[in-house]
Amino acid sequence: MAAAVVGGAFLSAFLQVLFDRMASREVVDFFGSSKLGKKKLLQKLDAALLSANAVLDDAEEKQMTSSSVARWVDELKDAVYDADDLFDEIATENLKREAGIESRPLACKVWSFASDACMSRFGDKLEKVLERLESVVKQRQVLGLREGIRERTPRALPTTSLVEESGVFGREKDREAVVELLLSDRSEKNTIVRLESCKHCVSLPPLGQLPSLEELIIKGFDGVTRVGNEFNGSNCIPFQSLKYLEFADMCSWKEWASFAIRTEGLAFAHLQELCIINCPELSGGLPSHLPSLSALSIEKCPQLTSSLPFAPLLRKIDLDDCGNVSGVEPLLNGTELQDMEIKNLSTLPLRFLPPTMTRLNLEDSHEIELPIHRCHESLQYLNLKKSCDSLISFPLEVFPSLKNIQLVEIEKLEHLSNSDGSPLLLHSMNISDCPEFRSFPAGGLAAPYLTSLELNDCRHLKHLPENMQALLPSLRSLKISSCPQLMSFPERGLPSKLVALSLSNCDKLITGRKDWGLQSLCSLKTFVIEQEKNIESFPEMGLLPASLTSLYIVGFDNLTSLNSKGLHSLSSLENLFIGECPKLHSFPKEGQILPASLTTLLIYDMGLKSLDNLGLHHLTCLENFRIIGCGSLRSMPAEGLSSSLSNLFIYRCASHMIELLALQALLLPRSHSG
């Protein structure tokens, strides 16, 4: 497979033309004249171009994966253009001289004076061109570009009926170089072509003529305003083998001209994936029929008003900020569409979903209405974010096969319903930032396979789903955040297989913690509690189950002490994380506070002044101890550290506690400080 990375590769062909121009008699004589005396500069320019040419093979390969090398190729290209422009000016000046005023002595004197000034100006320009080129060439070593020297001899442009010698590029030599490069490798079958950052080009080469081309990427052609028949070339059926086509970062492109009439709809007959990304001026002219297309992606094309192509085999479509695009319903009707992602669209009609659709993602599409008047039996994944502003009640029964649902920032959503009460196939549910959300289905959420439930910023929610213990037997993770009206857990408690429970900024729920009934949750391993304003001592004896292995206590504004009995009773606890508790300054003398099973302890952003009485030396299983952001802490515990400790990390703690007080024999040989 030959990959023609034309964004830099045509430089090699272009350089051959430039070498010939430099060796021409007019240039050599011009810079070698006694008046100018710049022949050595010309030789240096030749040497610099040779040095760049020697690493082009390696650069063209590496630019695909290295943005630094890609920038180097662009800079080299600009420097070469400067040199070519200089030689163009010299050629023009020679033509003027040949047409000079031979019979008028006074005019000849004026011309001689002007000519001397002109030659001096060209000499200065040559010095600047050389300085820029040498600066670029020096970077080749930093980038690690290897030499694979190309031949300098110019290659004749092959004669072929496949080449249209029309104005393909803004620079004539660019066009010749690109066409030569592509056609010179025909014997190797170009299957991938990438044209990138050709900022001087005003139209595209006839790539439709390449019979084996399967993948084409065109990116950063700032001067192209129209893609028309010159792109297809002279073949009666252009792009016979193309499967993937991408246009990206075409800042001036406005129109994709129709090709269907001339080729009778046969162009792009095998195209499977079409991507158009960041073409802000593109307004219309998309292909009308792509019979093999399976994936369509259009992003950041805000002026687009064209109808989407009809694609009966389409499986995936992504539309993001693409104006007033039309023709979506024909895509939904009678296609094999399975995956649909819509972002930043407001006028898109979405009256129904195809029966094959399994995934739907709507974001920042406020005026789109979710089609809930009919059953969608195939949909399994649904994500609504800042969309469907008119949605008040979400009928779960309409989506009986739904496995994952996310409802985020749905402004008017108040309820979930399940009118027939039949069990759902849900595996995960996330309801976040829905300010009006109030309730789950009456009688409870019957979802026997649900493993994860997340509720964030639902400020009117007062109750969790009823009968969770029975109706959600598979629930493993429950996360509740910023639900200030939530009063309590369900009367019969939480599901017995719950493994992780996280509570944050739920004042009323945490106030009633004595009625949580977590002691019966023998599978609970992780408990996170955050953003609490009223608790002064935590955790109370009997509040948490002995099965707990990880405990996070974060953001307690008024916590002044750790409850030694409550902590010590957690006989399986391995990981303890305490942070952002500004009023916790010290630990009471109440015997051992921490359970002996602890292996990892993290204390961060605290007002601690001392670690005394924490009983670290008794923790025979402790391996990792981290202290971060405790600016008032100035010493290690007087009783020392655990003999099992293997990693000690201290950061932002009073100059790391004066470098750990010179390690003052508190640390064992295996311990480390950071």
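Heads up: these notes are all about the structure in this document. (Residues numbered from 1 in each chain as written. Predicted model: local features only at pLDDT ≥ 70, side-chain atom pairs only at ≥ 80, totals over all residues. Heavy atoms only, no water.)

1. Topic: the side chain of D339
Relative to the elements of secondary structure, D339 occurs in strand β10 (residues 339–343). Taking relative accessible area as the criterion, D339 reaches 16% and is therefore assigned buried. Excluding its chain neighbours within four sequence positions, the residues that come into contact with D339 are R315, K316, I317 and R359. (Helix = DSSP H or I, 4+ residues; strand = E, 2+ residues; numbered from the N terminus. Buried < 20%, exposed > 50% of the residue type's maximum accessible area, 1.4 Å probe, protein only. Contact = heavy atoms within 4.5 Å.)

2. Some points on the packing of aromatic side chains
Within this structure, the stated rule accounts for 14 aromatic pairs. Taken together, a centroid distance of 4.6 Å and an interplanar angle of 45° make the contact between F247 and W253 tilted. By the burial criterion, F247 is buried, and W253 matches it. Judged by centre distance (5.3 Å) and plane angle (15°), the rings of F394 and F399 are stacked. Looking at F394, the relative accessible area reads 0%, which means it is buried. Here a set of aromatic residues connected by ring pairs shows up, and it is made of F231, F239, F247, W253, W256 and F268. The ring of Y381 has R359 lying over it, and the distance from NZ or CZ to the ring centre is 4.3 Å. Looking at R626, its charged tip hangs above the ring of F649, at a distance of 5.0 Å from the centre. (Phe/Tyr/Trp six-rings, centres within 6.5 Å; stacked < 30°, edge-to-face > 60°. Lys NZ or Arg CZ within 6 Å of the ring centre and 35° of its normal.)

3. Describing the pattern of salt bridges
Tallied over the entire structure, the rule returns 11 salt bridges. The closest approach of N and O atoms between E255 and R226, which form a salt bridge, is 3.8 Å. Of this pair, E255 sits in strand β6 (residues 255–256) while R226 is found in strand β4 (residues 226–227), placing the two residues 29 residues apart along the sequence. Owing to a relative accessible area of 37%, E255 belongs among the partly exposed residues under this scheme. A salt bridge links E540 to R513, with the nearest nitrogen and oxygen atoms 2.7 Å apart. In this pair, E540 sits in the loop between β21 (537–538) and β22 (550–556) while R513 sits in the loop between α12 (507–511) and β20 (526–532), placing the two residues 27 residues apart along the sequence. With relative accessibility at 23%, the residue E540 sits in the partly exposed group. Overall, R513 belongs to the buried group, its relative accessible area being 15%. (Salt bridge = Lys/Arg side-chain N within 4 Å of Asp/Glu carboxyl O.)

4. Observations concerning the pairing of strand β25 (residues 600–606)
Sheet faces and side chains relate simply in a regular strand, where the side chains alternate between the two faces. Counted residue by residue, β25 has six buried out of seven residues, so it is predominantly covered. As judged from the six bridges shared by strand β24 (residues 575–581) and β25, these two strands associate in the parallel manner. Looking at β25, one finds that C581 is bridged to M606. For β25 and strand β26 (residues 624–628), the ladder comprises five bridges, and the chain directions are parallel. Directly across from L602, in β26, lies its bridge partner R626. (Pairing = 2+ DSSP bridges.)

5. Quick notes on the pairing of strand β7 (residues 273–277)
Here five bridges tie strand β5 (residues 244–248) to β7, and the two strands are oriented parallel to one another. When the bridges of β7 are listed, F247 appears paired with I276.

6. Some words on the nonpolar core
By size, the foremost hydrophobic cluster in this structure holds 148 residues, and its most contacted members are L216, F527 and F625. Of all hydrophobic cores here, the second largest spans 31 residues; its members include A48, A59, W72 and V137. (Core = buried A, V, L, I, M, F, W, Y, C linked by side-chain atoms within 4.5 Å.)

7. Comments concerning the environment of D78
Mapping D78 onto the fold places it in helix α5 (residues 67–98). For D78, a relative accessible area of 30% puts it in the partly exposed group. In the structure, D78 is positioned 121 residues away from K199 in sequence and 9.7 Å away in space, judged by C-alpha atoms. Apart from residues no more than four positions distant in its own chain, D78 is found in contact with R132 and H200.

8. Description of unusual backbone geometry
Residue P539 follows F538 across a cis peptide bond; omega there is -5°. Among the secondary structure elements, P539 is positioned in the loop between β21 and β22. Although it is not a glycine, S482 sits at a positive phi angle of roughly 55°. Residue placement: S482 occurs in the loop between β18 (477–481) and β19 (500–504). Given the relative accessible area of 14%, S482 is considered buried. We note that E580 has phi near 55°; this positive angle belongs to a residue other than glycine. Inspection of the secondary structure puts E580 in strand β24.

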